[in-house]
Amino acid sequence: MNRWAIYTSSGRIDRVYSGIEAEALVQPQGSEQVAIMPDGLDDATAYVSGGQVVPKQPFSLQTTNPQIAADGIDECVIGNIPAGATIQWPDGQTDEVTDGEVRFSVDLAGTYKLKFSAIAYLDQEVTIEAVIPT
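Residues numbered from 1 in each chain as written. Predicted model: local features only at pLDDT ≥ 70, side-chain atom pairs only at ≥ 80, totals over all residues. Heavy atoms only, no water.

**Student:** Any details on the side chain of lysine 56? Residues and values, ideally.
**Tutor:** Residue position: lysine 56 is located in the loop between strand 5 (52-55) and strand 6 (62-64). Aspartate 123 provides the closest opposite charge to the buried, salt-bridge-free lysine 56, at an N-O distance of 5.0 Å. If we skip the residues at most four places from it in the chain, lysine 56 touches Asp43, Ala44, Thr45, Ala46, Tyr47, Ala118, Ile119, Ala120, Tyr121 and Leu122. (Helix = DSSP H or I, 4+ residues; strand = E, 2+ residues; numbered from the N terminus. Buried < 20%, exposed > 50% of the residue type's maximum accessible area, 1.4 Å probe, protein only. Lys, Arg positive; Asp, Glu negative; His and termini not counted. Salt bridge = Lys/Arg side-chain N within 4 Å of Asp/Glu carboxyl O. Contact = heavy atoms within 4.5 Å.)

This is the structure we're talking about:
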């Protein structure tokens, strides 16, 4: 019995199916497709490229100033974000990053986590500490 990735045309794996090939081939819905899932990979650590399931790569984010003053002016800049990536802000809102960077500032002290996701990359969180200005 094999494991099969059921994936979208973008390469995102929607789910993993375990079974024989004949059964796996009838699992896709709509425009989904199927590919054999190698051992050691799953839908969180892999995506599909050219019909093959391949490992996701880590982001190469560049973060400046991960500790900021909680004054609404000081900011953390996160760059080198690949096209098509999404960011989940601390309030739960999700946006697509279109220009390769995001800027974060806040006027309340605390620890803030930004989550970055993209089909070909492992999810990554960036933690920003906002401190009371002195």
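**Student:** Tell me about the pattern of salt bridges, and name the residues and values.
**Tutor:** Going through the model one piece at a time under the given rule, you end up with 5 salt bridges. Ionic pairing is found between arginine 103 and glutamate 75, a salt bridge with its closest N-O pair at 2.5 Å. You can see arginine 103 sitting in strand 11 (residues 102-104) and its partner glutamate 75 sitting in the loop between strand 7 (67-69) and strand 8 (76-79), a full 28 residues away along the chain. In this structure arginine 103 comes out as partly exposed when scored by relative accessible area, which is 45%. A single salt-bridge network, built from bridges that share partners, covers Glu75, Glu101 and Arg103.

**Student:** So, the sheet that holds strand 7: which residues are in play, and what are the values?
**Tutor:** Spatially, 7-13-12-9-10 is the arrangement adopted by the 5 strands of the open sheet, whose pairing is mixed. Each having just a single partner strand, strand 7 and strand 10 (94-96) make up the two edges of the open sheet. Averaged over all pairs of adjacent strands, the angle between strand axes in this sheet comes to 25°, irrespective of strand direction. Of the pairings in the sheet, the one linking strand 9 (residues 86-88) to strand 12 (residues 110-118) comprises 3 bridges and is antiparallel in character. Within strand 12, the residue paired with glutamine 88 across the bridge is lysine 115. (Pairing = 2+ DSSP bridges. Axes fitted to C-alpha atoms, helices over the stretch in contact; angles between N-to-C directions.)

**Student:** Help me get a handle on the environment of valine 126, residues and values and all.
**Tutor:** Its location among the elements puts valine 126 in strand 13 (residues 121-131). Along the sequence, valine 126 and serine 9 sit 117 residues apart, while their C-alpha atoms lie 29 Å from each other. Those residues in contact with valine 126, other than ones at most four positions away along the chain, are Leu61, Thr63, Ile78, Tyr112, Lys113, Leu114 and Phe116.

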